[in-house]
There are 4 protein chains.
Amino acid sequence: MKGQGTGKEMAAPKLTRKKLEALLSTEFPEMFNSQSGYAIERVWHGGCRLRRHYHPKSLRPGGTVSGPIIMALADVAMYVALLSAIGWVPLAVTTNLTINFLRRPAPRDLLAEARLIKLGKRLAVGEIGIRSHGGDDLVAHATSTYSIPAAA
Amino acid sequence: MKGQGTGKEMAAPKLTRKKLEALLSTEFPEMFNSQSGYAIERVWHGGCRLRRHYHPKSLRPGGTVSGPIIMALADVAMYVALLSAIGWVPLAVTTNLTINFLRRPAPRDLLAEARLIKLGKRLAVGEIGIRSHGGDDLVAHATSTYSIPAAA
Amino acid sequence: MKGQGTGKEMAAPKLTRKKLEALLSTEFPEMFNSQSGYAIERVWHGGCRLRRHYHPKSLRPGGTVSGPIIMALADVAMYVALLSAIGWVPLAVTTNLTINFLRRPAPRDLLAEARLIKLGKRLAVGEIGIRSHGGDDLVAHATSTYSIPAAA
Amino acid sequence: MKGQGTGKEMAAPKLTRKKLEALLSTEFPEMFNSQSGYAIERVWHGGCRLRRHYHPKSLRPGGTVSGPIIMALADVAMYVALLSAIGWVPLAVTTNLTINFLRRPAPRDLLAEARLIKLGKRLAVGEIGIRSHGGDDLVAHATSTYSIPAAA
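Residues numbered from 1 in each chain as written. Chains lettered and ligands numbered in written order. Predicted model: local features only at pLDDT ≥ 70, side-chain atom pairs only at ≥ 80, totals over all residues. Heavy atoms only, no water.

## Focus on the interface of chain D and chain A
Okay, step 1: Chain D puts 27 residues into the contact, and the matching count from chain A is 27 residues.
Okay, step 2: Note on chain D versus chain A: buried area summed over both sides is about 2,400 Å², and carbon and sulfur give 58% of it.
Okay, step 3: Inspection of the region where chain D meets chain A yields nine residue pairs in polar contact (both at pLDDT 80 or more).
Okay, step 4: Those elements that provide at least two residues to the side of chain D that touches chain A are helix H3 (67–86) and strand E5 (93–101) of chain D.
Okay, step 5: In terms of residue count, E5 of chain D provides more of the side of chain D that touches chain A than any other element does, nine residues in total.
Okay, step 6: Here the residues of the side of chain D that touches chain A sort into 14 nonpolar, seven polar and six charged.
Okay, step 7: The sheet contact formed by strand E5 (residues 93–101) of chain A and E5 of chain D spans five bridges and is antiparallel. By the bridge assignment, Thr 98 of chain A is partnered in E5 of chain D with Thr 98 of chain D. (Contact = heavy atoms within 4.5 Å. Buried area = accessible area lost by both parts, 1.4 Å probe. Polar contact = N/O pair within 3.5 Å; in protein donor to acceptor, adjacent residues only side chain to side chain. Helix = DSSP H or I, 4+ residues; strand = E, 2+ residues; numbered from the N terminus. Nonpolar A, V, L, I, M, F, W, Y, C, P; charged D, E, K, R; others polar. Pairing = 2+ DSSP bridges.)

## A look at the sheet that holds strand E7 (residues 123–132) of chain B
Paired through backbone hydrogen bonds, the strands of a sheet run either parallel or antiparallel to each other.
Okay, step 1: What the 12 strands build is an open sheet, ordered E1(B)-E2(B)-E6(B)-E7(B)-E8(B)-E5(B)-E5(C)-E8(C)-E7(C)-E6(C)-E2(C)-E1(C); its pairing is antiparallel. Every other strand in the sheet has two partners, leaving strand E1 (38–44) of chain B together with strand E1 (38–44) of chain C as the edge strands with one partner each. Taken pair by pair, the neighbouring strands of this sheet meet at an average axis angle of 20°, ignoring direction.
Okay, step 2: When E7 of chain B meets strand E8 (residues 140–147) of chain B, the two strands line up antiparallel, connected through eight bridges. (Axes fitted to C-alpha atoms, helices over the stretch in contact; angles between N-to-C directions.)

## Things to note about the side chain of Ser 84 of chain A
Residue and element names in this part refer to chain A.
Okay, step 1: Within the element layout of this structure, Ser 84 appears in helix H3 (residues 67–86).
Okay, step 2: Ser 84 gets classed as buried once you look at its relative accessible area, which sits at 0%.
Okay, step 3: Setting aside its immediate chain neighbours within four residues, Ser 84 contacts Pro 13, Lys 14, Val 43, Trp 44, His 45, Gly 46 and Gly 47. (Buried < 20%, exposed > 50% of the residue type's maximum accessible area, 1.4 Å probe, protein only.)

## Some points on the interface of chain B and chain C
Okay, step 1: With 27 residues of chain B in contact, the opposing surface of chain C contributes 27 residues.
Okay, step 2: Buried surface at the junction of chain B and chain C, both sides included, amounts to about 2,400 Å², of which 58% is carbon and sulfur.
Okay, step 3: Summed over the shared surface of chain B and chain C, the result is zero salt bridges.
Okay, step 4: Joining chain B to chain C, the criterion identifies nine residue pairs in polar contact (both at pLDDT 80 or more).
Okay, step 5: Put simply, the parts of the chain that give the side of chain B that touches chain C at least two residues each are helix H3 (67–86) and strand E5 (93–101) of chain B.
Okay, step 6: If one sorts the elements of the side of chain B that touches chain C by residue count, E5 of chain B sits on top with nine residues.
Okay, step 7: Across the side of chain B that touches chain C, the residue classes tally to 14 nonpolar, seven polar and six charged. (Salt bridge = Lys/Arg side-chain N within 4 Å of Asp/Glu carboxyl O.)

Structure representation (structure tokens):
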């Protein structure tokens, strides 16, 4: 949606890309490692672009990337967008995620772009658009809510 | 989300604003009349901006516009966006709607902006952002799926 | 879903049916009045059954009850279920609602059954099933989250 | 929700548990193998109970099972419930999934129970409840829509 303030999206994140990748690799070794294929391409205050490298073994019948792979990407992208705005709060947890699968993804890398549409004290809401590398159309679109622990 | 093609959004709708308002008033007299306060402000191929005029009696405790009013606005905006792309198919029906309420709306008109993020033969998916008149922040954000009848 | 504890569902609500109807009529005169056609049929701790009387003017093309009417019913049913468990906290607000429309409702009364599936200090989540009077199949199914103000 | 017809839930599935496990292992070797830890515990016409064995490496900070693991379980459970009712249609695809995370899962096996709440020609909708083994409370609750290809 327009009117979200491009200037605002470019504000500096609370954690740099490199710092985020290092922290995520340490805390989520299962999900964020050289095998999993996630890479933060850009991060700004309240948003990020996250890449998931293509693995032939993520395919499902029909030759397309499986739904759970796409859901995980959406969830992680929203998590990175949140941490970019509130700093390192690993205990923030997803309370709700809604995803619409729109088109079959190509057998290529996926790119998720997440941005917060609300950042409250207790809840943050974001939207995530996912495309195949090189494609304009959305493969999937998600919205997600995170609960921010009181201590944060 | 960016990359949706501004040029595309400006393509001519299959039904003009006036034609849509006339058809909706006839077919949905309960929802679309001079009392209900809906007005189509702009319509293009695959999207629209819909206004709902402020009624003091839509308020709920706390002085804010009630949730059902906002949900109805989101649903109608998506319906108009769909009709702008497929023409007059009144039997298209909502199959799913997810809404996040983000901020208390002000006691003012509401503006909904809807756009399709997928238009298939059987299903159309759109997203809807709702703001208070004069406000930049989203009051609510929804995604919605419509089923398009086979005859369409 | 089974295993929700029938015994628990039968626990006494914090507010009786009559008390709830009186409070709702006072605070939401626009939504809860003799015209709107809502009636609380049963209420227990964490759940309720809410009826919406049939109005011919709620129809949409195809002769079915309109989506916004059904969404409003789901939202109000969840609200009553929440108040039945936490007492009178009118400033509790919906943060998320997801609804699937499953079948065309008959031109008859609608019955919504709501029950909490989580009651936390800050958030409550419930599910709502909606049927036409006399019908077994679900017309719509919703899940909804309410935010409970800190003062509550 | 009650009234879904216990007798109906017990009707024979179109594919037996063993047949389903064999087909899923062949078609989704990445997701359904001895490592992934999925096991179909029961299947009936329109529903199933699916177990995901506990892996210490699925944990996230706070010692709880990660969200993507739970989302994948919900999606697969719904898929099995759908196949139990329509037979082997591997190209059926998720179009929408909404999940509410309700409580931190224990570091134990997860059990998902899925059932269809609508089975149309083109769309099927189901709900999925997820609990920790030995626990009564829902850890997560999801609803999901699958699109059934025309050939099916």
